[in-house]
Every structure is written in structure tokens, then in C-alpha cells.
Amino acid sequence: GQDAPLRAWSAGCASGEEAYSLAVVLCDAVGEDAFRQRVKVYGTDADEEALATARLGRYRASAVKGALNSEQVERYFEADGDDMVFRKDLRRAVIFGRHDLVQDPPISRVDILVCRNTLMYFNADTQRRILSSFHFALSEGGYLFLGKSEALVSRTGLFTPVDHKRHIFMKERGARLGRPPFPQTAPAAARAVPPDDLGEMTFENAPVAQIVVDRAGILALANRHARTLFGLGLNQVGRPFKDLELSYRPVELRSRIDQVFNERRPTTVSDVQLTLAGGGVEYLDAYLLPIVTDSETSAVALTFLEVGRYINEELETTNEELQSTNEELETTNEELHSTNEELETMNEELQSTNEELEATNNELRQRTLDLDDSNVYLEAILGSMGSGVIVLNRQLTVRVWNRVSEDLWGLRSEEVEGQHFLNLDIGLPIDELSQPIRAAVTAEGEIVDIRLPAVNRRGRAIDVDVRVAPLRRDGQAPDGAIVLVRQAGEPA
Ligand SMILES: C[S@@+](CC[C@H](N)C(=O)[O-])C[C@H]1O[C@@H](n2cnc3c(N)ncnc32)[C@H](O)[C@@H]1O
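None of the values given here were measured: they were computed from a predicted structure.

Side note on the overall build of the chain
- Per the secondary structure count, the chain includes 15 helices and 20 strands.
- Out of the 492 residues in the chain, the part that is buried amounts to 40%.
- Summarising the internal contacts of the chain: among those between residues at least 6 apart in sequence, 55% fall at separations of at least 24.

What follows is the structure in C-alpha cells.
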């Protein structure tokens, strides 16, 4: 039907390419929405390592491009460096699990079974048994895809060829249930035990739960697996089946057994929920098979296949995906954490730089105050001196011009400071000072006293005593000159 589940099985899937190819083909066929709802692709192998690779869904880009058309590559894979990764949201439908083709019960109700290049590892007898379990696994009308060298299938009579060249077979609709998936007879090499015991031993040790109810309604046989699974005691074998809990729990079996006796046809009960002693839930498919002897149904054999394991594996896969998302989140968290730490360190560094700057600032403020203080002090000294004080730098630019100088020559300090002294137009014969000033700023740093005639700011002729002395700091070579000017006859 349109909404019926579609189940595909890649048996011997190795690193998973076949399973993903099945997913791609099925998704192309039914569309993404239906794919998510209806399709399950099981990939199984005996090799855990191969399965771990399969679960990653990651392949070399060249391999993916070699196997699929460009539209499919674009639609189903995401590029990651040189690799391509199968789309995460569709990946949920692909379930990988460990499964041994020789020992484990098959997956049931399979519509498409692909087993390529794997059967060839087994001898003819084992191949026959595996093919028989594939027959059991497939739904009626289900398809079996084999590899090139797996020719034995035609001789088993279990499948009808659909496409010889491509090795595609079909389980016939309305076909009788195939041989049970596990041999009722052991391989020829093991025939040391008498045949009767052999049958019993095989039945007793089969890895699936099997019971037999006879015509009289007595539980005639229950193998070890069945006794463990359903909590049956050996003393319950031989008792009327209807008196046992198993006859109605977990599923009503009495009427179905009657039906098989009457109709002589096998029947199946799917997805029976069995609550386990430990609290878990096991899903079972029950197969009821009439045992016909002398044209009469003498018993009904019930085989219970545990299919719930795959549901658990589905949960496990989801869990794995959640775990990897969690890991990604954790990684991001770690990254944020370390970025945060870096920011915190930077913040601390900035804070300490800030503190240093503040300290420097305070120091500078204090120095400015000190300097202001010194300036006031100096100005007071210069102001209270009776002489005109003129300080020149090495380039003979005026640096200091005190109040007495202002009074004498009628120029304010703002007007002369920064001017070249020899260019000043004042009542002093500056030319005559040129030589002594140059002598003062040279290395020898001579002190020269001279008297000069001058004209003061009121135009009166006066005589002035001038002392030109070198300006030295810390006993170094002079880096300027001091010119002291006093009106002759006035106190210094
Ligand atoms: C050559 S690979 C085939 C891979 C894939 N089907 C293909 O055609 O490319 C054969 C696979 O069969 C697996 N295999 C061998 N014995 C097995 C067994 N008893 N049960 C399940 N798988 C088995 C191997 O692990 C291997 O991955």
C-alpha cells in the first residue's frame, strides 16, 4: 500500500555503501516525506569495525561521484573537505547493526534484500541455509538482489528469477513459508550423533524460541530459548497449552493455533510486545506452522523471532546522533569558554594598563604643580631684582624678559619672547653686545662686563652696565646666555 512500511536489508554491508545507495534509490522513488515515514534500511555485517565506518556515512567525494549521478550527489550528500557526508536528516532511516548471517535470526518482513559478494565466502551448504533464511526474511513478492558469482540460488527453488543478468530474484506471492531459518539437520560432517538426538539437540539449542503444541492441545516441546524467554519450567512441558499463561499472554495464541489446525496453513502474528522480567520490552514476530504427517496436521510449531532488537538499535542510532550533537555543542562550548578566558585576560591586562596610566597621570599632575610652583618662585625672584634680566638660548632667541627689562625698554615680555635678540629694536646698542654674547655661548663661556650708552623708553640718554654671562646647567657646556642690564649708578 501507499503508506505501508518499506523495509530494505543490506546483508554483509561492510562499510555501508550499499545501504546508503538503497536509501538514495528509495528516497528518489517515494520522495523525502514518505521516505522519512515509511522507509527503513538495515545494514548488517559481522564486522564491527566496518559498521563503525558505515555509521559515519562519510566517503571520498570521488567515490560518491563515481557511484551516483550528479543530481543525487547534490541532493543526498554534503561536502566536507575531500569527503562527502550522507544527509543527517535522512540518515535516521538507515540503521546499522551487527548480525551474523550464519548464527543470527534474520530480519523479518523485508521488501528488498541485497546481499552481494558475501555468499561466496561460505560453502554450498551454508549458502543454502542462508538463502533459506533470506526466503524466510522476505515478504511475499519481496526482491532478492545477489552478486555476480552467487549462482546457487536458482537451484534452491525458493526464488523466481526476475532478471537473470542482474541476479535479481523474487519470493513468489502466495509461496509457502520457506524452510525455517535454522537447519533441522546438521551439516554432514557433524553426523556422529544419531539422527533422532540430532534433531532434538538442534531444536533444543536453536537461537530462536520454538514451541510445539500437539493435536490434543498439549505443549509437546519448548526449546531452551523459549523456556528462558517465556519463563516456562520443564515441568510445564506435557501440560495442556491452554492452562499456560503463554497461551493468552503476550498475545492470544489459542484461537490462532486452532485456525492453523483447521486451515492447515501457516500464519504470522507481528510485533507482539513482550514485557521482560528486567522491565524492558521485546518485540516478537510469531510464526505458526502446521506440521503435517500422514496427510493430517499432527501439531503446530510456533517460532518466535525477536525483532525488537532492531528497534533498540534504532534508538541507539538516535542516541548516537544525539551524542554527537552533544559533542558538537560541548566543543562549541569549550571554544566559547576559551574565547571568554582570552577576553578576561585581555580585560585584566587593560585594567592594569589603565591603572599604570592613572599612576603616570597622577605623577604628571604632581610634577605640573611642582613646576607651576617653581615658575611662580622664579618669576618672583626675577621680578624683585633691580636689574633687567634677559635669558637667551644658544640660537640667541629671547627666553626670559623680566619686568625691569620691560620698564627699561618699553617692550612687554610677550612681545620679545621667541624673537632673535640681535634683531630687537630697543634703545640699547645691541650690535655691541653681539660679540660678547657669542663668546658667552661658546665652549669657553666667558663673562664680560661692559658699560654702554643707551636710550630708555622715555627717550632719555642713560648709561647702562651690562654683564653677559654663559648659562650653564649642571656644569655642562653653555646652552645659552644671561644678559643683566643695570642703569649705571643704581643699586643692583
Ligand atoms: C566483500 S564484502 C561485501 C560488501 C558489499 N556487500 C559489496 O558488495 O561491496 C563481504 C562482507 O561480508 C561480511 N561477512 C563475512 N562473514 C559474515 C557473516 N558470517 N555474517 C555477516 N557478514 C559477514 C564481511 O565482514 C564483509 O564486510
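Structure's up, so let's keep going.
Some details on the site of the ligand
- Near the ligand there are 15 residues, and of these Gly12, Glu18, Asp45, Leu101 and Asn117 occur at the shortest range.
- Between Asp45 and the ligand, the recorded distance is 2.6 Å, taken from a side-chain N or O atom to an oxygen atom.
- Expressed as a share of its isolated accessible area of 600 Å², the protein-covered part of the ligand is 74%.
- Residues belonging to the shell around the ligand are distributed by class as follows: six nonpolar, four polar and five charged.

Topic: the pattern of salt bridges
- If you walk through the whole model with that rule in mind, you get 26 salt bridges.
- Residue Arg36 pairs with Asp89 through a salt bridge whose shortest N-O separation is 2.9 Å. Residue Arg36 is found in helix 2 (residues 32-38), and its partner Asp89 is found in helix 6 (residues 88-91); the two are separated by 53 residues along the sequence.
- In this structure Arg36 comes out as partly exposed when scored by relative accessible area, which is 37%.
- A residue is classified by how much of its surface remains accessible, and Asp89, at 31% relative accessible area, is partly exposed.

With respect to the sheet that holds strand 5 (residues 83-86)
- The three strands lie next to each other as 3-5-4, forming an open sheet whose pairing is antiparallel. Each end of this open sheet is capped by a strand with a single partner; those strands are strand 3 (58-60) and strand 4 (77-80). Taken over all neighbouring pairs, the strand axes of this sheet differ in orientation by 35° on average, direction set aside.
- Bridging between strand 3 and strand 5 involves three bridges; their strand directions are antiparallel.

Regarding helix 7 (residues 124-137)
- The terminal C-alpha atoms of helix 7 lie 20 Å apart, and with 14 residues this matches the ideal 20 Å at 1.5 Å per residue to within 8%.
- Of all 14 residues making up helix 7, ten are buried, and the element is well covered by its neighbours.
- For helix 7, the complete set of buried residues consists of Thr126, Gln127, Ile130, Leu131, Ser132, Ser133, Phe134, His135, Phe136 and Ala137.
- If you follow the buried residues of helix 7, they end up packed against strand 1 (6-11), strand 7 (110-115), strand 8 (138-146), helix 8 (153-156), strand 14 (281-293) and strand 15 (296-306).

Describing the packing of aromatic side chains
- Taken as a whole, this structure holds seven aromatic pairs when the rule is applied.
- When the centroid spacing of 4.9 Å and the interplanar angle of 45° are considered together, the rings of Tyr20 and Phe86 count as tilted. One end of the pair, Tyr20, is in helix 1 (residues 17-30); the other, Phe86, is in strand 5, and 66 residues separate them in sequence.
- For Phe86, a relative accessible area of 3% translates into the label buried.
- Seen in terms of ring centroids, Tyr20 and Phe96 are 5.6 Å apart; in terms of plane orientation they differ by 50°. Their pairing is tilted. Residue Tyr20 is found in helix 1, and its partner Phe96 is found in strand 6 (residues 94-98); the two are separated by 76 residues along the sequence. Here the two residues Tyr20 and Phe96 agree in accessibility, since each one is buried.

As for a negative patch on the surface
- Judged by side-chain charge, Glu341, Glu342, Glu344, Glu348 and Glu349 come together as a negatively charged surface patch.
- Position of Glu349 relative to the elements: it lies in helix 12 (residues 308-384).

Remarks on the sheet that holds strand 9 (residues 160-163)
- Strands sit in the order 6-2-1-7-8-10-9 across an open sheet of seven strands; the sheet is mixed. Looking at strand neighbours, the two that pair on one side only are strand 6 and strand 9, the edges of this open sheet. Within the sheet, the average angular offset between the axes of one strand and its neighbour, ignoring direction, is 25°.
- The sheet contact formed by strand 2 (residues 39-45) and strand 6 spans five bridges and is parallel. Within strand 6, the residue paired with Tyr42 across the bridge is Ile95.
- Along the sheet face, helix 1 touches strand 1, strand 2, strand 6 and strand 7 and points at about 170° away from the line of strand 2.

Focus on the environment of Ala4
- Mapped onto the secondary structure, Ala4 falls in the segment before strand 1.
- Measuring from C-alpha to C-alpha, the distance between Ala4 and Val39 comes to 9.0 Å, with 35 residues separating the pair along the chain.

Quick notes on the nonpolar core
- Membership of the largest hydrophobic core comes to 30 residues, with the highest contact counts inside it found for Phe35, Val41, Phe77, Phe86 and Phe96.
- With seven residues, the single largest contributor to this core is helix 1.
- Beyond its immediate chain neighbours, meaning those up to four positions away, Phe86 contacts Tyr20, Ala23, Val24, Gly57, Tyr76, Phe77 and Arg91.
- Val404, Val416, Ile426 and Val483 belong to the second largest nonpolar core, which has 27 residues in total.

The rules behind the values
- Residues numbered from 1 in each chain as written.
- Predicted model: local features only at pLDDT ≥ 70, side-chain atom pairs only at ≥ 80, totals over all residues.
- Heavy atoms only, no water.
- Helix = DSSP H or I, 4+ residues; strand = E, 2+ residues; numbered from the N terminus.
- Buried < 20%, exposed > 50% of the residue type's maximum accessible area, 1.4 Å probe, protein only.
- Contact = heavy atoms within 4.5 Å.
- Near = heavy atom within 4 Å.
- Polar contact = N/O pair within 3.5 Å; in protein donor to acceptor, adjacent residues only side chain to side chain.
- Areas by Shrake-Rupley, 256 points an atom, 1.4 Å probe, with all protein chains shown as cover.
- Nonpolar A, V, L, I, M, F, W, Y, C, P; charged D, E, K, R; others polar.
- Salt bridge = Lys/Arg side-chain N within 4 Å of Asp/Glu carboxyl O.
- Pairing = 2+ DSSP bridges.
- Axes fitted to C-alpha atoms, helices over the stretch in contact; angles between N-to-C directions.
- Expected span 1.5 Å × (residues − 1).
- Phe/Tyr/Trp six-rings, centres within 6.5 Å; stacked < 30°, edge-to-face > 60°.
- Patch = residues over 30% accessible without salt bridge, like charges linked within 9 Å, V, L, I, M, F, W, Y side chains within 5 Å.
- Lys, Arg positive; Asp, Glu negative; His and termini not counted.
- Charge placed at Lys NZ, Arg CZ, Asp CG, Glu CD.
- Core = buried A, V, L, I, M, F, W, Y, C linked by side-chain atoms within 4.5 Å.

Coordinates in, geometry out; function isn't part of it.
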